[in-house]
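Report on the structure
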Amino acid sequence: MIVLGFDTSNYTTSIAAYDGGRGHNCSRLLDVRPGELGLRQSDALFSHMKRLPALAAQLMDEIGACDDVVALGVSTRPRAVEGSYMPCFLAGESQARVLASVLNVPVYSFSHQQGHIAAACWGAERMDLLKTPHLAWHLSGGTTELLLVEPELRAVCIGGTTDLSAGQLIDRTGQMLGLDFPAGKAIDRLSAGSDNADLFRVRVDGAQFSLSGVQNKLREYFEKTGDPAATARYCLRSIIHAVRKATKQALDEHPGLPVVFSGGVASNSMLREAFAGLDAVFCPPAYSTDNAMGIAVLTWEAYHGA
């Protein structure tokens with residue numbers, strides 16, 4: 001018995017399989033022209049449609065052909081809130097619904113954000129958190145939200161950025177430094193070459209903050225120092241400062257809850273070090289970045305709970 005999950009975000013095409021214990025995810029980043037920061041939705045949608053057949057074939061080759069698919073799941077929107085929509089998710093949804101019709105199995109819909117949180121919980125071996133209250137950060141190229149999560153991943157945003165996401169700031173810093181998009185991994189590696197302790201102390205009020213001012217400070221800092229490694233570290237330290245303060249403020253309101261970190265920025269090594277010793281839940285980096293694993297996990301839970 002196995003379920004499949006599809007996720008076609010604005011950054012990655014992915015498909016995953018899950019049997020209630022073991023999971024396998026196949027992903028590929030979308031191609032972005034050098035110097036650009038992402039893709040238009042029409043281009044992303046087209047790229048997903050071209051890539052999904054090859055990724056599905058790759059998944060079947062790696063796990064072995066399976067005749068016991070009992071359900072399919074797919075991310076259909078960025079967040080589970082009214083009005084949340086992004087055309088690129090239509091690629092995964094259309095493929096999942098066609099396949100479900102052919103196989104005569106149910107298809108379950110989730111948000112991309114719910115998939116991220118589920119992947120983090122599964123990867124960290126904390127599946128218990130899918131059924132208990134917790135805080136969760138979704139830190140990515142498009143989202144920086146602190147969520148209060150109830151059972152079945154019903155989430156309310158209680159903090160985070162009011163403008164630029166953490167991933168956007170990292171990618172814009174990478175563009176300034178001549179790095180490829182997405183720049184998260186390169187910024188992480190680059191920052192390790194500096195012991196710079198400088199940062200911009202972002203104001204945090206009610207677990208909310210703005211990162212737009214940090215971008216200007218970063219440009220000034222790089223022009224002043226000419227040091228890419230120190231600038232990368234300055235960027236990450238500023239983000240982490242804001243995330244830590246927002247987390248503390250949220251825990252003052254909701255004491256004792258574990259804090260799950262999901263999204264591509266959650267794979268950053270400095271962020272993980274900054275929360276060491278706290279009740280912070282991190283999964284392996286492969287399941288922090290965009291992937292369909294969480295969608296497959298949620299599909300399994302939904303099928304067996306139906």
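For the structure, see preceding data.
Before going into details, it helps to say that this report is about the structure given with it. Model, not experiment: these values are computed from the prediction.

What follows deals with the nonpolar core. With 41 residues, the main nonpolar core has Trp137, Leu169, Phe209, Leu211, Val243, Phe261 and Leu271 as its most contacted residues. Residue assignment for this core shows that the elements contributing at least two residues are β6 (134–139), β7 (144–150), α4 (166–176), α6 (212–225), α7 (228–253), β11 (259–262) and α8 (269–274). No other element matches α7, which puts eleven residues into this core. Setting aside anything within four residues of it in sequence, one finds Val243 in contact with Trp137, Leu139, Phe261, Leu271 and Phe275. If you look at the next biggest cluster of nonpolar residues, it comprises 30 residues, including Ala16, Val281, Cys283 and Leu298.

What follows is about empty space enclosed by the protein. Over the atoms rolls a probe the size of a water molecule, and in doing so it shows where empty space is left. Under the definition given, this model contains four cavities of 30 Å³ or more. A volume near 60 Å³ is recorded for the largest cavity. The wall of the largest cavity is formed by Arg33, Pro34, Gly35, Glu36, Leu37, Asp171, Gly174, Gln175, Leu179, Asp180, Phe181 and Ala183. Split into classes, the residues belonging to the lining of the largest cavity amount to five nonpolar, three polar and four charged.

Attention shifts here to the sheet that holds β11. One open sheet accounts for seven strands, arranged β9-β10-β8-β7-β6-β11-β12; its pairing is mixed. Edge positions in the sheet fall to β9 (204–205) and β12 (280–281), since each has one partner strand and no second. Lying on the sheet, α7 is in contact with β6, β7, β8 (154–161), β9, β10 (208–209) and β11; it crosses β6 at an angle near 160°.

A few words on the packing of helix α3 (residues 112–123) against helix α9 (residues 293–305). Packing of α3 against α9 brings their axes to within 7 Å, and their N-to-C directions diverge by 85°. In terms of axis orientation, α3 runs roughly perpendicular to α9. Of α9, the residues touching α3 (which contributes Gln114, Gly115, Ala118, Ala119 and Trp122) are Met293, Gly294, Ile295, Val297 and Leu298. Partitioning the contact of α3 with α9 into residue classes produces seven nonpolar, three polar and no charged.

So, about the layout of surface pockets. Here the largest pocket defines a volume of roughly 1100 Å³. The wall of the largest pocket is formed by 44 residues, among which Tyr11, Gly141, Pro182, Gly264 and Asp290 lie closest to the centre. Of all the elements in the fold, those that place two or more residues in the lining of the largest pocket are β3 (23–29), α3, α4 and α5 (184–191). A breakdown of the residues in the lining of the largest pocket according to their chemical character gives 15 nonpolar, 21 polar and eight charged. Its volume calculated, the second largest pocket comes out at about 280 Å³. For the second largest pocket, the lining is made up of 16 residues, of which Leu4, Phe6, Ala56, Leu99 and Leu103 are closest to its centre. Secondary-structure elements contributing two or more residues to the lining of the second largest pocket are β1 (2–8), α1 (41–63) and α2 (89–103).

An α-helix turns once per 3.6 residues; consequently, residues spaced three or four apart project the same way. For α1, with 23 residues, the first-to-last C-alpha span of 31 Å sits near the 33 Å given by 1.5 Å per residue. Where α1 bends most, the angle comes to about 35°, and this point is Arg51, followed within four residues by the proline Pro53. Three or more residues of α1 are buried, namely Ala44, Ser47, His48, Arg51, Leu52, Leu55 and Leu59. Trailing α1 by a residue or two, Gly64 shows a phi angle of about 90°, which is positive.

Analysis parameters
- Residues numbered from 1 in each chain as written.
- Predicted model: local features only at pLDDT ≥ 70, side-chain atom pairs only at ≥ 80, totals over all residues.
- Heavy atoms only, no water.
- Core = buried A, V, L, I, M, F, W, Y, C linked by side-chain atoms within 4.5 Å.
- Buried < 20%, exposed > 50% of the residue type's maximum accessible area, 1.4 Å probe, protein only.
- Helix = DSSP H or I, 4+ residues; strand = E, 2+ residues; numbered from the N terminus.
- Contact = heavy atoms within 4.5 Å.
- 1 Å grid on protein atoms, 1.4 Å probe; cavity = no way out; pocket = protein on both sides within 12 Å on 5 of 7 lines; lining within 4 Å.
- Points joined across faces, edges and corners; volume = space filled by probe spheres on them.
- Nonpolar A, V, L, I, M, F, W, Y, C, P; charged D, E, K, R; others polar.
- Pairing = 2+ DSSP bridges.
- Axes fitted to C-alpha atoms, helices over the stretch in contact; angles between N-to-C directions.
- Parallel < 35°, antiparallel > 145°, perpendicular 65-115°, else oblique.
- Expected span 1.5 Å × (residues − 1).
- Bend = angle between axes of the 7 residues up to and from the residue.

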